[in-house]
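Residues per chain, in single letters:
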Amino acid sequence: MEDRRQWPLVVLTASPFHGHMSPTLQLATILHSKGFSIAIAHSKLNAPDPSNHPSDFTFLPLSDNLSTIDNSNSFTDFINALNTNCKPSFQEHLIRLITEGNKSIVVIYDNIMHFAGGVAVDLNLVPIVFRSCSAVYFPAFIVRQQLRQQGRYLEEDFVMQEMVPNHHPLRYKDLPFSSSSIEDFKKLGSNFSRQARPSVVIWNTIQSLEHEALTQINEHFQVPVFTLGPLHKMAPSPPTNFLEEDTSCINWLDKQAPKSVIYISFGSLVTLDAKVLAEMAWGLANSEQRFLWAVRPGSVCDSEWIEFLPKGFIEETRDQGLIVKWAPQREVLGHFAVGGFWSHCGWNSILECISEGVPMMCQPFTADQGVNARYVSYVWKIGLELECFERREIASMIRRVMVDEEGEEIRDRVHNMKGLVRQALDNGGTSHESLEDLVGFILSC
Ligand code: UDP
């Protein structure tokens, strides 16, 4: 009989971003189900609730000294502060775990918390980096870095429709936009490039979907890259304490016709101004399609929730749609009544959408969203990208996705892609095999 007490302890870092923390906790749950002891080192900001997890999970709070996520002016400063502030307490936790007799410890760290890789290497522990963004983002990020170092990629480039030379299918406008100064950008870049070399890379994706980018990633890292995804399909998702899900929308969906509702959500970070919200609102109303709209409190500038919706909209759409603060998104996307997803193209949202075979309407804002939207609309052809935020354009695109023949073709393609997800997860599939390889690797440590 194997003695699991001899198995390595797996320490995972959870960052304060909902879109990063969810897949990290899913990965922790999967490794726990494989028999590993789990410790979660987490920022105090947006900390996970231990009561939502198995009682033998250990939680290690990190002193982050941060009170709120600043995704406006100085995201670079926020990331730098997160890494600088969390490092000492992470080191202390690991030293204590070692002195308590944990013979072997493997550290799986979110790449945004790269300090953890350095600490692991200093203590002779095995560092594994976990990436919760798309693989196609990685080459695009490198291109952006090269352009930025040449002093390019100023704001006017942001609207450029031209293709980036030698980087098909990307246009300049698809590259991750950065408002940071060149100095800030260089600082962030050099912090990332000084990262410890990981022993292994884990990517929340499906091999067949992002094959080309993964080949480039393999060449870049020169260590095994395990494609393990979609993680939310491999483990139940524990709640993250972010916002309470409003499950009443499921009862509302139950009463709608099959594939008649467009679901709208822009994730956990995007903020909108009231003008944009007004165009969205009238676009939805004019499309004459049923809608379920998740509007996160505080996501509209200077507004608690939906006070800034245009006058008359609520009354006019009373029988057409429903607005909630936070939806049970995975359940919503899997509901028979949902026929389309208008999304900001965060990677979790795309994986969740593909897993349920729902056509998309893309409205990217920042980070990897532009690249993701480009792949969804131009390469995988499972959605349409909204290029102009104007009510008539919005109404017309909603109808193209929901009722036109074009939408039917998109639906067929995304349905086929859902099949690829199933294949990857099945016995012998790439994600299934990657998990076995990862378990084998950790056991060999
Ligand atoms: N989400 C949710 N309810 C909502 C809106 C979003 O549960 O009303 C979840 C969604 O299922 C996804 C995550 O929030 O898992 C958003 O992650 P994503 O990577 O798409 O975007 P981010 O929030 O990181 O920008």
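For the structure itself, look to the data block above.
If you're wondering where the values come from, they're calculated on a predicted model, not measured in any experiment.

Undergrad: What exactly am I supposed to notice about the overall build of the protein chain here?
TA: Along its length, the protein chain carries 16 helices and 13 strands. Computed over the C-alpha atoms, the radius of gyration of the protein chain is 22 Å, within 12% of the 22 Å expected from 2.2 N^0.38 for a compact globule of 445 residues. Along the first, second and third principal axes, the C-alpha atoms of the protein chain reach 65 × 50 × 40 Å. When burial is assessed residue by residue, the protein chain has 57% of its 445 residues classed as buried. Look at the contacts in the protein chain between residues 6 or more apart in sequence, and 70% of them connect residues 24 or more apart. For the protein chain, the computed accessible surface area is about 19200 Å², with 49% contributed by carbon and sulfur atoms. Considering the protein chain, the positive charge centre built from 37 side chains and the negative charge centre built from 52 side chains are found 1 Å apart.

Undergrad: What am I meant to see in the site of the ligand here?
TA: The immediate surroundings of the ligand are formed by 17 residues, with Ser268, Ala327, Asn348, Ser349 and Glu352 found nearest. Trp347 is positioned with one of its backbone polar atoms (N or O) 3.5 Å from an oxygen atom of the ligand. The side chain of Glu352 places a nitrogen or oxygen atom 2.6 Å from an oxygen atom of the ligand. Its free accessible area being 540 Å², the ligand has 94% of it covered by the protein chains. Elements represented by at least two residues in the shell around the ligand include exactly helix H1 (18–33), strand E8 (261–265), helix H11 (329–333) and helix H12 (347–356). The element that contributes the greatest number of residues to the shell around the ligand is H12, accounting for four residues.

Undergrad: Help me understand the sheet that holds strand E10 (residues 321–324) in this model?
TA: One key point about sheets: their strands pair by backbone hydrogen bonds, in either a parallel or an antiparallel sense. Taken in spatial order, the six strands line up as E10-E9-E8-E11-E12-E13 in an open sheet, and their pairing is parallel. Looking along the sheet, the strands with just one partner apiece sit at the ends: E10 and strand E13 (383–385). Direction aside, neighbouring strands of the sheet carry axes that sit 15° apart on average. Bridge count between strand E12 (residues 360–362) and E13: three bridges; the pairing is parallel.

Undergrad: Just checking my understanding: could you explain the packing of helix H4 (residues 137–149) against helix H6 (residues 211–221) for this structure?
TA: Helices that pack against each other are described as a pair by the angle of their axes relative to one another and the distance between those axes. As a packed pair, H4 and H6 sit with axes 8 Å apart at the nearest point and diverge in direction by 65°. Judged by residue contacts, Phe138, Pro139 and Ile142 of H4 engage Ala213, Gln216, Ile217, His220 and Phe221 from H6. Of the residues belonging to the contact of H4 with H6, the class tally is six nonpolar, two polar and no charged.

Undergrad: Can you help me understand the pattern of salt bridges in this one?
TA: When their charged atoms lie close together, side chains carrying opposite charge are able to pair. Within this structure, the stated rule accounts for 14 salt bridges. Residue Lys173 pairs with Glu385 through a salt bridge whose shortest N-O separation is 3.7 Å. Taken as a pair, Lys173 in the loop between H4 and helix H5 (182–193) and Glu385 in strand E13 lie far apart in primary sequence, 212 residues in all. Overall, the relative accessible area of 19% leaves Lys173 in the buried class. Its relative accessible area of 10% is what places Glu385 among the buried residues. When the shortest N-O distance is used, the salt bridge between Glu390 and Arg392 registers 3.2 Å. On the basis of relative accessibility, which here comes to 22%, the residue Glu390 falls in the partly exposed class. Relative accessible area serves as the criterion here: at 65%, Arg392 is assigned to the exposed category. One network of salt bridges, with partners in common, ties together Arg171, Lys173, Asp174, Arg374, Glu385 and Glu387.

Undergrad: Before we go on, may I ask you to explain the sheet that holds strand E1 (residues 9–14) in this structure?
TA: Read from one edge to the other, the open sheet built from seven strands follows the order E3-E2-E1-E4-E5-E6-E7, with strand pairing classed as parallel. The strands lining the two open edges of the sheet, one partner per strand, are strand E3 (58–62) and strand E7 (225–227). The average angle at which neighbouring strand axes cross in this sheet is 20°, direction not considered. The pairing of strand E4 (residues 105–110) with strand E5 (residues 126–131) spans five bridges and is classified as parallel. Across the sheet, residue Ile108 finds its bridge partner in E5, namely Ile128.

Undergrad: Hey, could you run me through H6 in this one?
TA: Because an α-helix packs 3.6 residues into every turn, residues spaced three or four apart end up facing the same way. Every buried residue belonging to H6 is among Ala213, Leu214, Ile217 and Phe221, and all of these are buried. The arc that holds every buried residue of H6, seen down its axis, measures 100°, which confines them to one face. Those residues of H6 that are exposed and aimed more than 90 degrees away from the buried face are Glu212 and Glu219. Packed against the buried residues of H6 are E5, H4, strand E6 (200–203) and E7. Looking at the residues trailing H6, positive phi occurs at Gln222, about 55°.

Undergrad: For this particular structure, what's the right way to read the nonpolar core?
TA: Within soluble globular proteins, side chains that are nonpolar tend to cluster in buried spots. Core analysis: the largest hydrophobic core is formed by 86 residues, its most contacted members being Val11 and Phe90. In terms of residue count, helix H2 (residues 75–99) provides more of this core than any other element does, seven residues in total. Here Val11 is in contact with Ala39, Ala41, Leu60, Phe90, Leu94, Leu97, Ile105, Val106, Val107 and Ile108, once residues within four sequence places are set aside. Grouped together as the second largest cluster of nonpolar side chains are 30 residues, Leu25, Val106, Leu231 and Ile442 included.

Undergrad: Sorry, what's going on with helix H14 (residues 391–402) here?
TA: Here H14 is twelve residues long and its end C-alpha atoms lie 16 Å apart, about the 16 Å a rise of 1.5 Å per residue gives. Close packing links the buried residues of H14 with E8, helix H9 (274–287), strand E11 (338–343), E12, E13 and helix H15 (405–425).

Undergrad: Hey, could you run me through the environment of Phe57 in this one?
TA: By secondary structure assignment, the location of Phe57 is in the loop between strand E2 (37–43) and E3. Judged by its relative accessible area of 7%, Phe57 is buried. Between the alpha carbons of Phe57 and Gly35 there is a distance of 12 Å; along the sequence they are 22 residues apart. Every residue in contact with Phe57, bar those within four places of it in the chain, is listed here: Ala28, Thr29, His32, Ile38 and Ile40.

The rules behind each value
Residue positions are counted from 1 within each chain, in the order its sequence is given. Reporting in this predicted model follows two pLDDT cut-offs: at least 70 for local features of residues, and 80 or more for side-chain atom pairs to be given and counted; totals over whole chains, interfaces and linings ignore these cut-offs and use all residues. With hydrogens and water stripped out, all remaining heavy atoms of the structure feed into the side-chain values. Each helix is a run of DSSP H or I of at least 4 residues and each strand a run of E of at least 2, with the numbering of both proceeding from the N terminus. When we talk radius of gyration, it's over C-alpha atoms, and the globule rule is simply 2.2 Å times the number of residues to the 0.38. Residue exposure (1.4 Å probe, protein chains only): buried if accessible area is under 20% of the type maximum, exposed if over 50%, otherwise partly exposed. By definition in these notes, contact holds between two residues if any of their heavy atoms fall within 4.5 Å. Here the accessible surface of atoms and residues is derived via Shrake-Rupley with a 1.4 Å probe, and residues count as covered only by protein chains that are part of the display. Just so you know, the count uses Lys and Arg for positive and Asp and Glu for negative, and it drops His and the chain ends. The atom standing in for a charge is NZ when the residue is Lys, CZ when it is Arg, CG when it is Asp and CD when it is Glu. Distances are taken per atom, and a residue is near a molecule or strand as soon as one of its heavy atoms is within 4 Å of it. A 3.5 Å cut-off defines polar contacts: any pair of N or O atoms within that distance qualifies, except that in protein one atom must be a possible hydrogen donor and the other a possible acceptor, and neighbouring residues in sequence count only when both atoms are side-chain atoms. At least two bridges found by DSSP between two strands is the condition for calling them paired. Axes, fitted as lines to C-alpha atoms, cover a helix only where it is in contact. Angles between the N-to-C directions of the axes lie from 0 to 180 degrees. Put simply, Ala, Val, Leu, Ile, Met, Phe, Trp, Tyr, Cys and Pro go in the nonpolar bin, Asp, Glu, Lys and Arg in the charged bin, and everything else, Gly too, in the polar bin. Just to be clear on terms, a salt bridge is a Lys or Arg side-chain nitrogen sitting within 4 Å of an Asp or Glu carboxyl oxygen. As used here, the arc is the angular range of directions from the helix axis to the C-beta atoms. In this text, buried Ala, Val, Leu, Ile, Met, Phe, Trp, Tyr and Cys residues form a nonpolar core when linked through side-chain atoms within 4.5 Å. Helices are assigned an expected span. That span is 1.5 Å times one less than the residue count.

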